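Close look at the chain arrangement
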Amino acid sequence: MDPQQELFTCLLSEIRKRGYDVYDGGLPPEGAPYPFVYLADCRQTDRSNKNAVFGTVYQTIHVWDGTVRRRGRVSAMLADLKQICRRLEHTPGFSWMVVNIDQRILADTTTKQPLLHGFLEVEFRFC
């Protein structure tokens, strides 16, 4: 399996185990309950030698909450998601290490109801 797909599959499983509503491949339908997690875009760079493939996967993870007054809940969810990422050390084909995590929390006014939007951009190294 491709490294980014193996990582994505593992993250999806681990996040669901924590009880979060997780969407992948597209945002949830209108009317989906908040809060929810969206596993979004992923980018991979890799190189190989005679014996192994190694490289970097950048995974974006979004969290949305239905009210801007729940910043603490969004922050706690982001902290939990970072913990999931940092604890991930192995998938069936690769070893993983988190190198960097960028986090943002901002207001989202793209809907009639103002939302709170948090997201992580996680840099993983694999070998």
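Before going into details, it helps to say that this report is about the structure given with it. Quick caveat, the model's predicted, so the values are computed rather than measured.

Moving on: the nonpolar core. Most often, soluble globular proteins have nonpolar side chains that are buried together. Ranked by internal contacts, the top residues of the largest apolar core, which has 27 residues, are Leu-11, Ile-15, Val-37, Leu-39, Ile-61, Leu-81 and Trp-96. Only helix 1 (3–17), strand 2 (36–48), strand 3 (53–65), helix 2 (71–87), strand 4 (96–108) and strand 5 (115–126) provide two or more residues apiece to this core. Looking at which element gives the most residues to this core, the answer is helix 2, with six residues. When residues no more than four places from it in sequence are discounted, the contact partners of Ile-61 are Val-37, Tyr-38, Leu-39, Leu-81, Cys-85, Gly-118, Phe-119, Leu-120 and Val-122. With five residues, the next largest nonpolar core counts Phe-36, Ala-40, Trp-64 and Leu-115 among its residues.

Okay, the packing of aromatic side chains next. As enumerated under the stated definition, the model contains seven aromatic pairs in all. On the numbers, 5.4 Å between centres and 80° between planes, the contact of Phe-94 with Phe-126 is edge-to-face. One end of the pair, Phe-94, is in the loop between helix 2 and strand 4; the other, Phe-126, is in strand 5, and 32 residues separate them in sequence. Of the two residues, Phe-94 and Phe-126, both sit in the buried class. Measuring from ring centre to ring centre gives 6.0 Å for Trp-96 and Phe-124, while their planes differ by 85°; the resulting arrangement is edge-to-face. Note that Trp-96 is positioned in strand 4 and Phe-124 in strand 5, a separation of 28 residues in sequence. Ring pairing ties together the aromatic residues Tyr-23, Tyr-34, Phe-36 and Trp-64, which thus form one cluster. It is Arg-43 that lies over the ring of Tyr-58; its NZ or CZ is 4.1 Å from the centre.

About the thresholds
- Residues numbered from 1 in each chain as written.
- Predicted model: local features only at pLDDT ≥ 70, side-chain atom pairs only at ≥ 80, totals over all residues.
- Heavy atoms only, no water.
- Core = buried A, V, L, I, M, F, W, Y, C linked by side-chain atoms within 4.5 Å.
- Buried < 20%, exposed > 50% of the residue type's maximum accessible area, 1.4 Å probe, protein only.
- Helix = DSSP H or I, 4+ residues; strand = E, 2+ residues; numbered from the N terminus.
- Contact = heavy atoms within 4.5 Å.
- Phe/Tyr/Trp six-rings, centres within 6.5 Å; stacked < 30°, edge-to-face > 60°.
- Lys NZ or Arg CZ within 6 Å of the ring centre and 35° of its normal.

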